[in-house]
Amino acid sequence: MEFKKLIDRTKETDRIKSALHRDSTQFIVVYGRRRIGKSTLIKHIVNAQEHAVYFLSDTSAETVQRAAFAKSVAEVIEGFDKVVYPDWESLFRSLNNQLSERILVCMDEFPYLVKSCETLLSVIQKLLNEKMLKFDLLLCGSSQQLMHGYVLNRQSPLYGLANEIIKMRPIAAQYMSEAMECDASQAVEEFAIWGGVPRYWELRRDYPDRETAIRKVLLDPQGPLMEEPQRLLRDDMRDTVQASTLLTLIGNGANKISEIAAKAGKEASTLSEPLAKLRDLGYVCREVPFGDNLKKSKKGLYHISDSLLRFHYQFIVPYRSILELGKTDTVMQVVQTQLPQFYGQCWELLCRDYVSGNIMYGVAYGMASRWWGRIFPPQDGKDGRMVELDVVAESLDKKHILIGECKWTHNDSADRLMAALHEKAKYLPFIKRGQEVHLVLFLKEQPNCMTGNVRIVLPDDVMGT
């Protein structure tokens, strides 16, 4: 099944359509990771226009691409492809001169065009600066690094010229139930594996159940997503070997930069740049305990933030040789054993996102995060004990603090979980004098053994179903 209708792309669509209704012609840039739905969005926009040119570039030589582009223009201007254009400037000027009305021109996978003709950026800059164009120009590309460099780098000829720059991000988890036609609990588990990339959702929908989809799409050496991580890294990382090594180490439990460096055989200082790049791309995140300064904290931990990459580097890379031998059942057994914990990690992330900036029980909260550290109950002596909290958020007025426990298990005792959470809360060092503490349980299902007035958040709440 293809998702013919756009899911969660209202803001992007409205921004582009609003730009196209302005009095002057517009220069619009759309970029984002591969398979995020850029082309689907653009085609949706193109189909809504009375006259528009859509061109998908490739790795062909410059002359071949110009001829192909002229054929696309010929759909709007009859006979436009009968002429051989010696360069891009003459082609664009001829297009402009022959237009009797304003149209939209979309150039998809634009980085391929620039690779075939390095002067193309300067040509477009010249035409835009003349402010004589009769067509709106929309450029789109998958390479986040290149597209960012074309329009946001001060050294680029196109810097500062775009009327709209739209970075397409993964679809929010709250749309998974609609896309997969499943309940909220199933949506959490599906999102944990496929993330917010619409093409991955389409591939999942080709199979009747999740296990079959995992086997055929992710674990099969010939599966459509087996090489996806390497393609993503090739798009945007100069050193894909180093990037893959870092993701492998992080995906298998090396979360401190000192641990990552030791296992990679590198100095920690040499990893700051590639880790920062992976963070910018949205593949890795660095978290610090609640209350710590993100830039100054020495307690930062790295995690893979992209669902597909997290699955790939945890379950596929360590067992790639076994999978190549066709022993899918062996690896699937490992996957099934660890999936509950894998789902639980995603549930924690979704719960923190749910709290962040939300109004809960009449209180508006800021960004939620984890906390880990030492507390000192009298019974534990001077050494205290280490504890972790899944969700911590302070209210915007600083008068309230929310502390939450996340569980993705069956038959939980709310009384037991709440008692343990209450015991931890009594000794937390970051709670300020006079702050009202709110304890919340984020659970997979309605708990048993609930005698008191316990605040429970369930998947229906988090997933908005």
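As the structure is a computational prediction, the values presented were derived from the model and not from experiment.

1. Notes on the overall build of the protein chain
And step 1. Along its length, the protein chain carries 20 helices and 14 strands.
And step 2. Taking the principal axes of its C-alpha atoms as reference, the protein chain extends roughly 85 × 55 × 45 Å.
And step 3. Counting the 465 residues in the protein chain, one finds 50% classified as buried.
And step 4. Each charge class in the protein chain can be summarised by its mean position, and for the 61 positive and 60 negative side chains these summaries are 5 Å apart.

2. Some words on the sheet that holds strand β11 (residues 385–394)
And step 1. Taken in spatial order, the 5 strands make up an open sheet running β10-β11-β12-β13-β14, and their pairing is mixed. Strands at the two margins of the open sheet, each flanked by one partner only, are β10 (369–375) and β14 (455–457). Shown here is a sheet whose adjacent strand axes are inclined to one another by a mean of 40°, direction ignored.
And step 2. Two elements, β11 and strand β12 (residues 400–407), share 4 bridges in a ladder whose sense is antiparallel. In the sheet register, A393 faces β12, and the bridge partner there is L402.
And step 3. Where helix α18 (residues 328–355) meets the sheet, it contacts β10, β11, β12, β13 (436–443) and β14, and its direction lies at approximately 40° from that of β11.

3. Considering the side chain of S395
And step 1. One can find S395 in the loop between β11 and β12.
And step 2. The class for S395 is buried, based on a relative accessible area of 1%.
And step 3. A polar contact is formed between the side chain of S395 and the backbone nitrogen of K399, at a distance of 3.1 Å.
And step 4. Among all residues touching S395, those that are not within four sequence positions of it are V363, A364, Y365 and H400.

4. Details of the nonpolar core
And step 1. If you look at the biggest cluster of nonpolar residues, it comprises 93 residues, and the most contacted ones within it are L218, F311 and F442.
And step 2. By residue number, the principal contributor to this core is α18, which donates 11 residues.
And step 3. With residues up to four places along the chain from it excluded, the contact list for L218 reads I193, W194, A213, L225, M226, L308, F311 and I316.
And step 4. If you look at the next biggest cluster of nonpolar residues, it comprises 38 residues, including Y31, F69, A70 and M107.

5. Section: the side chain of Q435
And step 1. The residue Q435 is located in the loop between α19 (414–425) and β13 in this model.
And step 2. Engagement of the side chain of Q435 in a polar contact is seen with the backbone oxygen of K398, the distance being 3.0 Å.
And step 3. Here the side chain of Q435 touches K432 through a polar contact of 3.1 Å, landing on its backbone nitrogen.

6. Quick look at unusual backbone geometry
And step 1. Even without a glycine there, the phi angle at Y361 is positive, about 55°.
And step 2. Position of Y361 relative to the elements: it lies in the loop between β8 (359–360) and β9 (363–364).
And step 3. For Y361, a relative accessible area of 40% translates into the label partly exposed.
And step 4. Positioned with a positive phi, K398 is a non-glycine residue whose angle comes to about 70°.
And step 5. Mapped onto the elements of the fold, K398 is located in the loop between β11 and β12.

7. Remarks on helix α4 (residues 88–98)
And step 1. Taken as a whole, α4 has its buried residues at W88, L91, F92, S94, L95 and N96.
And step 2. Packing partners of the buried residues in α4 comprise α3 (62–73), β3 (103–108), α5 (110–116), α6 (120–130) and β4 (135–141).

8. Let's talk about the environment of S297
And step 1. When you line up the elements, S297 lands in the loop between β6 (284–287) and β7 (301–304).
And step 2. The exposure class assigned to S297 is buried, which follows from its relative accessible area of 9%.
And step 3. Taking the C-alpha atoms as reference points, S297 and Q435, 138 residues apart in sequence, are found 24 Å from one another.
And step 4. If sequence neighbours within four positions are ignored, S297 has contacts with R286, V288, P289 and D292.
And step 5. Looking at S297, its side chain comes within polar contact range of the side chain of D292, at 2.9 Å.

9. Regarding the pattern of salt bridges
And step 1. In total, this model carries 32 salt bridges according to the counting rule given.
And step 2. Between D306 and R33 there is a salt bridge, and its shortest N-O distance comes to 2.4 Å. Taken together, the residues span a long stretch of sequence, with D306 in the loop between β7 and α16 (307–316) and R33 in the loop between β1 (27–31) and α2 (38–47) at a distance of 273 residues. The same class applies to D306 as to R33, namely buried.
And step 3. R204 is the salt-bridge partner of E190, the closest N and O atoms lying 2.9 Å from each other. Of this pair, E190 sits in helix α9 (residues 184–194) while R204 is found in helix α10 (residues 198–205), placing the two residues 14 residues apart along the sequence. Each member of the pair, E190 as well as R204, is classed as buried.
And step 4. Among the ionic contacts, a cluster of salt bridges with common partners joins E189, E190, R204, R210 and K444.

What counts and what doesn't
Residues numbered from 1 in each chain as written. Predicted model: local features only at pLDDT ≥ 70, side-chain atom pairs only at ≥ 80, totals over all residues. Heavy atoms only, no water. Helix = DSSP H or I, 4+ residues; strand = E, 2+ residues; numbered from the N terminus. Buried < 20%, exposed > 50% of the residue type's maximum accessible area, 1.4 Å probe, protein only. Lys, Arg positive; Asp, Glu negative; His and termini not counted. Charge placed at Lys NZ, Arg CZ, Asp CG, Glu CD. Pairing = 2+ DSSP bridges. Axes fitted to C-alpha atoms, helices over the stretch in contact; angles between N-to-C directions. Contact = heavy atoms within 4.5 Å. Polar contact = N/O pair within 3.5 Å; in protein donor to acceptor, adjacent residues only side chain to side chain. Core = buried A, V, L, I, M, F, W, Y, C linked by side-chain atoms within 4.5 Å. Salt bridge = Lys/Arg side-chain N within 4 Å of Asp/Glu carboxyl O.

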